[in-house]
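Given next are the chains, with one letter for each unit.
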Amino acid sequence: MWKEIMQRTIVGFHRDEEDQWVAELDCYHGQHMRHTPPFYERFWVLTEEGRATRLGTQVECLKCDQFEWPEKLVEFKRTPEFTEETVPAGLLRDHRTKGGIWAKINVVEGSLLYLPETGEPIQLTPPRFGIIVPEMKHSLQLLSPVRFYVEFYHLPTIS
Ligand SMILES: [Zn+2]
């Protein structure tokens, strides 16, 4: 199967507990930007000016590719419970969440197939839930009489 790693935008930087620079991505994952010569040469990461030049640029996010749930997400919305009779047709076609919006597919009873654009189809049967990565195209296929709902997550709002 053809596979493309999700491209994410660098939105900030911070240092981890070992003093290594971590790029903050718009998917809410962090990615180490090490400057540890001779293995990794990233002089740019050492200065504020250097880091500023990388803001807004894109990098591949392997954590998205592996459906890794970011820390600190909070639920802000959930759908009603759907059945094979009430499932919105849009969920059965290719669709995607907006940037920064993560989701979980929770099957209450029965079974469905979660088909992400990248990777293999995943069969969801309780208690296994599906993780939907921001902006990744996906669709659902119902396998049996099923009851399920979807939860949506983002970062806690800082105001
Ligand atoms: Zn990511």
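This structure is a prediction, so every number in the text was calculated from the model and none was measured.

A.B. asks: Before we go on, may I ask you to explain the domain arrangement of the protein in this structure?
C.D. replies: Many structure descriptions define interface size as the accessible area lost when the parts assemble. Domain parsing of the protein yields domain 1 (7-65) and domain 2 (74-154). Look at where the C-alpha atoms of domain 1 and domain 2 centre, and you get two points 31 Å apart. Of the residues contributing to the side of domain 1 that touches domain 2, the split by class is 2 nonpolar, no polar and 2 charged.

A.B. asks: How should I be thinking about the environment of Phe67 in this particular structure?
C.D. replies: Here Phe67 shows up in the loop between helix 2 (62-65) and strand 5 (74-78). Measuring from C-alpha to C-alpha, the distance between Phe67 and Ala23 comes to 18 Å, with 44 residues separating the pair along the chain. When near neighbours in sequence (up to four residues on either side) are disregarded, Phe67 contacts Ile131 and Val133.

A.B. asks: Hey, could you run me through unusual backbone geometry in this one?
C.D. replies: In terms of backbone geometry, most residues other than glycine have negative phi values and most peptide bonds are trans. With omega at 5°, the peptide bond leading from Pro37 into Pro38 counts as cis. Tracing the sequence through the fold places Pro38 in the loop between strand 3 (30-32) and helix 1 (48-54). The omega torsion of the bond from Pro126 to Pro127 falls at 5°, within 30 degrees of zero and hence cis. The topology assignment puts Pro127 in the loop between strand 9 (122-124) and strand 10 (130-132). We note that Asp19 has phi near 70°; this positive angle belongs to a residue other than glycine. Along the chain, Asp19 falls in the loop between strand 1 (7-15) and strand 2 (21-25). Its identity as a non-glycine residue notwithstanding, Glu135 has a phi of 65°, on the positive side. Relative to the elements of secondary structure, Glu135 occurs in the loop between strand 10 and strand 11 (138-142). Judged by the 18 C-beta atoms lying within 10 Å of it, Glu135 is partly exposed.

Rules and cut-offs
- Residues numbered from 1 in each chain as written.
- Predicted model: local features only at pLDDT ≥ 70, side-chain atom pairs only at ≥ 80, totals over all residues.
- Domains from an automatic or database assignment.
- Nonpolar A, V, L, I, M, F, W, Y, C, P; charged D, E, K, R; others polar.
- Helix = DSSP H or I, 4+ residues; strand = E, 2+ residues; numbered from the N terminus.
- Contact = placed C-beta atoms within 7 Å.
- Buried ≥ 20, exposed ≤ 12 C-beta atoms within 10 Å, placed from the backbone.

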